[in-house]
Amino acid sequence: MNYQDLLYTAMRDARPAIGQGRVADYIPALAAADPQAFGMALATVSGEVYGVGDWERPFSIQSISKVFSLALVLAHGGDYLWKRVGREPSGNPFNSLIQLEAEGGIPRNPFINAGALVVTDRLQTLTGDAGITVRDFLRREAGSPALDTDRNVAFSEAVNGHRNAALAHFMASCDNLENPVDTVLAQYYAQCALSASCRDLALAGLFLARHGVLADGSRLLSGSEAKKVNATLLTCGTYDAAGEFAYRVGLPGKSGVGGGILAIVPGRAALCAWSPGLDSAGNSMAAVAALDAFTTHSGLSVF
Ligand code: GLN
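Right, let's walk through the structure included here.

Relative to the 16 Å expected for twelve residues at 1.5 Å per residue, helix 8 (residues 162–173) spans 16 Å between its end C-alpha atoms, a close match to the ideal helical length. Residues Asn164, Ala165, Leu167, Ala168 and Met171 constitute the buried set of helix 8. Buried residues along helix 8 cover an arc of 160° about the axis, so they all sit on one side. Across from the buried face of helix 8, at angles greater than 90 degrees, the exposed residues are His162 and Ser173. Looking at the packing, one finds that the buried side of helix 8 touches helix 4 (98–102), helix 5 (113–127) and helix 9 (181–192). Positioned one or two residues after helix 8, Asp175 has a phi angle of 60°, which is positive.

Structure (C-alpha cells):
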C-alpha cells in the first residue's frame, strides 16, 4: 500500500471541496481560520507517518477532543458512565437542547455536546483536571510537548457558550453532573480549544487502531473497549450526518467544528484530514471528501 501516493490522490480529489462550506463563526475566535487550508496525515500501527498539504499546521481540535476524554474515562471502567450517557445516534445537531429535556437529562451519546459534558465531568472527578489530562495524553501520544490549549479560543467559547451552559445547567437540574457547572464548562472548553495538527491527531488516535494499546506499548483500553469506542464513533461521531459519513467513508470517525476529522482503520492506521469549511451538520466538506477518496482508492474501510 503506497500511503503517500494515496494521500496525494485524496488531496487532489478533495480540491474542489476546499473553500466550500462555512467556517464556524458561532465561536468568534474560529472565524479567522483560513478557508483554503487543507491537510491530511496518516499514521500506521507499525510506526510510519505520512502527510500532505498543511498536515503539520495546528488547528482547533474542538469535538475531536471528545474521543480522547471518553477513552480516558473508559480506562477507569465504563459501567457508571454508561448509566449517565447513552450510545445511540442522536439524529439531531450536536448542540441540540430539545432531545435532552425529552430524555430526562441523559444525553444520547458521548459525542454530542451534552454527552461530552458528562464525560468531562466524570474525567474531572477521576483526575482533578480534565483539560490537562486530555492535553497531556495528546502530548505523549503525538510526541509534541508544546501542544496546548489556545486560551483565546477557550475564552471565546466561554463568553459565547450559552447553549453549552444551558445543556450543563439542565443536566445539573437532573442530577447528572458531579461537579459545579462552571467547572465542567471550563474543563470542556480547555479540551475543545486544544491546538493540534493532523499529524498530532493521527498519532494520538492510533491507540484505537492498535485495539487500545498506547505509543509506549502500555494498554489504555482492552481490545473489547476499543472496539466499542470505534463502534460508537461510526454511529455517532459525525452527529446527524453519521449515516452519510459511514456511507461515504466507511470508517469510525470524529469531526470537530475546527474542520478536522479523525478516522480509524482498525488494525492498520489512523488518519486525520482538516479544512475549515463546514457543511450544515458541522463536518468539514473537504475533509469528508478526502477521506471518502482515500477509502475509495485504497479499499481500506471497515466494510
Ligand atoms: N466546542 C464546540 C462547542 O461546544 C465543539 C463543537 C464541535 O466541534 N462540534 O460547540
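Moving on, we get to the site of the ligand. Around the ligand, 13 residues are found, and the nearest of them are Tyr26, Gln62, Ser63, Glu157 and Tyr188. Residue Ser63 places a side-chain N or O atom 2.7 Å away from an oxygen atom belonging to the ligand. Burial of the ligand by the surrounding chains reaches 99%, relative to a free accessible area of 300 Å². Partitioning the shell around the ligand into residue classes produces seven nonpolar, five polar and one charged.

On to the pairing of strand 8 (residues 269–274), then. Here strand 8 lies mainly inside the structure; six of its six residues are buried. Here strand 8 shows two buried faces, one formed by Ala269, Leu271 and Ala273 and the other by Ala270, Cys272 and Trp274. Pairing between strand 1 (residues 39–44) and strand 8: six bridges, direction antiparallel. Looking across to strand 8, one finds that Leu42 is bridged to Leu271.

What follows concerns the sheet that holds strand 2 (residues 49–53). Read across the sheet, five strands follow the order 2-1-8-7-6 without closing on themselves; strand pairing throughout is antiparallel. One side of each edge strand has no neighbouring strand; the edge strands of this open sheet are strand 2 and strand 6 (253–255). Strand-to-strand twist of the sheet, defined as the mean angle between neighbouring strand axes without regard to direction, takes the value 10°. Pairing of strand 1 with strand 2 involves five bridges; the strand directions are antiparallel. In the strand pairing of strand 2, Ala43 is matched with Val49. Across the sheet, helix 13 (residues 285–298) lies against strand 1, strand 7 (260–265) and strand 8, angled at about 145° from strand 8, the strand it touches most.

What counts and what doesn't
- Residues numbered from 1 in each chain as written.
- Predicted model: local features only at pLDDT ≥ 70, side-chain atom pairs only at ≥ 80, totals over all residues.
- Heavy atoms only, no water.
- Helix = DSSP H or I, 4+ residues; strand = E, 2+ residues; numbered from the N terminus.
- Expected span 1.5 Å × (residues − 1).
- Buried < 20%, exposed > 50% of the residue type's maximum accessible area, 1.4 Å probe, protein only.
- Arc of directions from axis to C-beta.
- Contact = heavy atoms within 4.5 Å.
- Near = heavy atom within 4 Å.
- Polar contact = N/O pair within 3.5 Å; in protein donor to acceptor, adjacent residues only side chain to side chain.
- Areas by Shrake-Rupley, 256 points an atom, 1.4 Å probe, with all protein chains shown as cover.
- Nonpolar A, V, L, I, M, F, W, Y, C, P; charged D, E, K, R; others polar.
- Pairing = 2+ DSSP bridges.
- Axes fitted to C-alpha atoms, helices over the stretch in contact; angles between N-to-C directions.

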